[in-house]
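Results of the structural survey
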Amino acid sequence: MKITGILLQEVSLQYEQTVLCNGVSAHFSAGKWHSILGASGIGKSSLLKAIAGLLEKEQLKGTIQADDGNDLHHRIAWMAQDDLLLPWLTVIENVYLGYHLRQEKSDSIKTKALDLLTKVGLAAFAQRMPYQLSGGQRQRVALARTLMEEKPIVLMDEPFSALDAVTRLQLQQLFVQLLRDKTVLLITHDPLEALRLSQEVWLMQHKSPFLSSIVQLDSTTPRQLDDHKVLFWQNQILTLMESETLSSC
Ligand SMILES: Nc1ncnc2c1ncn2[C@@H]1O[C@H](COP(=O)(O)OP(=O)(O)OP(=O)(O)O)[C@@H](O)[C@H]1O
């Protein structure tokens, strides 16, 4: 499927009487990683759901579309903090679950699933059950399942937040390597994670503009933890986020 960016025009999000945002416009350009930071409860997951087409009609106003004008929703894969593996299926069955649900069956599907499990370092675990895996291994299976669908856009809602520090660094490296050519929107609470992994960092704030692009970085990802630009911007972003928290108290 063709790579595309995402265009938001005059988007408003609302749950019954609660308005999250009004008239938001943004362009997430194609083939890049975009991280979205913002205070807890501000509306990051809701925006991702809106892009994925998971909100009710009355909850979303405005336009969200692929920037090439073609269909958006069929080109999106979703990855959450919770890996959503089905406990009664083996690891490899979870990887080709989408094909199974669509009743597409062939040996080449199993071969492809095994190939992807090899890429995420879990070929030897293909016949295990999800409960026999660690949190990091489960997220690797979820990544293989995402790659199996070959979607050009991947929406990720805090996929690394439940992992220990070392596993998180290893998985970030793997995700960047395997999702390099896709348009990725990553929600995170961690400015360092955003700056190491993305080409563009966005911030959601209670004041106007609700969503703005605050940093663009061109260097190869994942960036080093001691990269001077990463450290400089981490400081700037933490100061911004702190002043936002104080002003919304
Ligand atoms: N289905 C829903 N119905 C009503 N209100 C909702 C619904 N989903 C979310 N909300 C509210 O909308 C606001 C934004 O929620 P959302 O999950 O988008 O925030 P977030 O920025 O992703 O938060 P966090 O960082 O804590 O995950 C919150 O106040 C939440 O309580």
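Scroll up to find the structure.
Heads up: these notes are all about the structure in this document. (Residues numbered from 1 in each chain as written. Predicted model: local features only at pLDDT ≥ 70, side-chain atom pairs only at ≥ 80, totals over all residues.)

**Observations regarding the nonpolar core**
Core analysis: the biggest nonpolar cluster contains 60 residues, and Val95, Leu117 and Ala144 have the highest contact counts within it. Broken down by element, this core gets its largest block of residues, 6 residues, from helix α5 (residues 135-148). Aside from chain neighbours lying at most four places away, what touches valine 95 is Ala113, Leu116, Leu117, Val141, Ala144, Arg145 and Met148. (Core = buried A, V, L, I, M, F, W, Y, C linked by C-beta atoms within 7 Å. Buried ≥ 20, exposed ≤ 12 C-beta atoms within 10 Å, placed from the backbone. Helix = DSSP H or I, 4+ residues; strand = E, 2+ residues; numbered from the N terminus. Contact = placed C-beta atoms within 7 Å.)

**Some details on unusual backbone geometry**
Leave glycine aside and you will find that most residues have negative phi; peptide bonds, for their part, are mostly trans. Proline 209 follows serine 208 through a cis peptide bond whose omega is 0°. Looking along the chain, the bond that leaves threonine 221 and enters proline 222 is cis, with omega of -5°. Of note, proline 222 is situated in the loop between β9 (211-216) and α8 (228-247). Its identity is not glycine, yet glutamate 10 carries a phi of approximately 50°, on the positive side. With respect to the secondary-structure elements, glutamate 10 resides in strand β1 (residues 6-15).

**Let's talk about the pairing of strand β8 (residues 200-204)**
For β8, the buried fraction is high: 4 of the 5 residues fall into the buried class. Of the pairings in the sheet, the one linking strand β3 (residues 33-38) to β8 comprises 5 bridges and is parallel in character. Residue pairing for β8: histidine 34 is matched across the bridge by glutamate 200. Here β8 folds back onto β9 in antiparallel fashion, the turn holding 6 residues. (Pairing = 2+ DSSP bridges.)

**Comments concerning the site of the ligand**
Residues in contact with the ligand, as listed here, are Tyr15, Thr18, Leu20, Gly38, Ser40, Gly41, Ile42, Gly43, Lys44, Ser45 and Ser46. Elements that contribute at least two residues to the shell around the ligand include exactly β2 (18-28) and α1 (44-52). Tallying contributions element by element places α1 first for the shell around the ligand, with 3 residues. (Near = placed C-beta within 6 Å.)

**Topic: the sheet that holds strand β4 (residues 60-66)**
Strand order in the open sheet formed by 3 strands is β2-β1-β4, and the pairing between neighbours is antiparallel. One side of each edge strand has no neighbouring strand; the edge strands of this open sheet are β2 and β4. Averaged over all neighbouring strand pairs, the angle between strand axes comes to 15°, with direction disregarded. In the sheet, β1 pairs with β4 via 6 bridges, with the strands oriented antiparallel. For glutamine 9, the partnering residue across the bridge sits in β4 and is threonine 63. In the packing of α1 onto the sheet, the strands contacted are β1, β2 and β4, and the crossing angle to β1 comes to about 120°. (Axes fitted to C-alpha atoms, helices over the stretch in contact; angles between N-to-C directions.)

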